[in-house]
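One-letter residues, chain by chain:
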Amino acid sequence: MALDILVVDDEHDIRELVAGVLEDEGYETRTAADSDATLEAIATRRPSLVLLDVWLQGSRLDGLELLDEIKRRDPSLPVLVISGHGNLDTAVAAIRRGASDFIEKPFEAERLLLLVARATETERLRREVASLRVSAGRESDLTGSS
């Protein structure tokens, strides 16, 4: 099963471009344009990763406020922050608030894919362990005495 990535950006073209790059690499993607749609999408189905734009024009919450809310609801959900208006202070603030990493627009597709792979590694390992437990018959099937 492919990892599910939620792409959050107020610019439709950016959402579709990023989603297309990720889908070409085998990821499932969903998109959201603002904070309310993002929180609804997360509540409907927890994604493996949220790609979150810092500047969400016309949204109730900006990207950093939304990051705070996502982390309040699910501290283990990885969030990769993206921004075309970012600077070092914004990157540091995002990381301190719980972002997995920060990437500035415009970015190379290869760089995005590297950061996505890094941010979703824990989720991939969690799924692999669950799959191995199922195929091994769970640890409760062990027999023996000590």
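This structure is a prediction, so every number in the text was calculated from the model and none was measured. (Residues numbered from 1 in each chain as written. Predicted model: local features only at pLDDT ≥ 70, side-chain atom pairs only at ≥ 80, totals over all residues. Heavy atoms only, no water.)

Enquirer: Even after reading the chapter, I still don't get the side chain of Thr90, so can you show me in this structure?
Expert: Among the structural elements, Thr90 can be located in helix H4 (residues 88–96). With near-sequence residues (within four places) excluded, Thr90 lies in contact with Val54 and Phe102. (Helix = DSSP H or I, 4+ residues; strand = E, 2+ residues; numbered from the N terminus. Contact = heavy atoms within 4.5 Å.)

Enquirer: Before we go on, may I ask you to explain the side chain of Ser59 in this structure?
Expert: Mapped onto the fold, Ser59 is located in the loop between strand S3 (49–53) and helix H3 (63–73). Here the side chain of Ser59 touches Leu61 through a polar contact of 2.9 Å, landing on its backbone oxygen. For Ser59, the residues in contact, after removing those within four places along its chain, are Asp34 and Ser35. (Polar contact = N/O pair within 3.5 Å; in protein donor to acceptor, adjacent residues only side chain to side chain.)

Enquirer: Hey, could you run me through the packing of helix H1 (residues 12–24) against helix H5 (residues 109–136) in this one?
Expert: When two helices pack together, you describe them by how their axes are tilted relative to each other and by the distance separating the axes. Running from N to C, H1 and H5 point in directions that differ by 70°, and their axes come no closer than 11 Å. Here H1 lies roughly perpendicular to H5, going by the angle between them. The two elements H1 and H5 meet at a crossing, and its hand is right-handed. On the side of H1, the interface is formed by Val18, Val21 and Leu22, while H5 contributes Ala109, Leu112, Leu113 and Val116. Of the residues belonging to the contact of H1 with H5, the class tally is seven nonpolar, no polar and no charged. (Axes fitted to C-alpha atoms, helices over the stretch in contact; angles between N-to-C directions. Parallel < 35°, antiparallel > 145°, perpendicular 65-115°, else oblique. Left-handed = near helix turned anticlockwise from the far one by under 90°. Nonpolar A, V, L, I, M, F, W, Y, C, P; charged D, E, K, R; others polar.)

Enquirer: Where do I start with unusual backbone geometry in this structure?
Expert: Trans is the prevailing form of peptide bonds, just as negative phi is the prevailing case for residues other than glycine. Residue Pro106 follows Lys105 across a cis peptide bond; omega there is -10°. The topology assignment puts Pro106 in the loop between strand S5 (101–104) and H5.

Enquirer: Sorry, what's going on with H5 here?
Expert: Along an α-helix, residues three or four apart share an orientation, since each turn contains 3.6 residues. The end-to-end C-alpha separation of H5 is 38 Å, in line with the 40 Å expected for 28 residues at 1.5 Å each. At Thr120, H5 shows its largest kink, close to 50°. Buried residues of H5: Leu112, Leu113, Leu115, Val116, Ala119, Thr120 and Glu123, and no others. The inward-facing, buried residues of H5 contact strand S1 (4–8), H1, S3, strand S4 (79–83) and S5. (Expected span 1.5 Å × (residues − 1). Bend = angle between axes of the 7 residues up to and from the residue. Buried < 20%, exposed > 50% of the residue type's maximum accessible area, 1.4 Å probe, protein only.)

Enquirer: Please clarify how the pairing of strand S2 (residues 28–32) should be interpreted in this entry.
Expert: As paired elements, S1 and S2 share five bridges and run parallel to each other. Considered in S2, the bridge of Asp4 is made with Glu28. With respect to chirality, the unit in which S1 leads through H1 into the neighbouring parallel S2 is right-handed. (Pairing = 2+ DSSP bridges. Right-handed = clockwise from strand over helix to strand, strands pointing away.)

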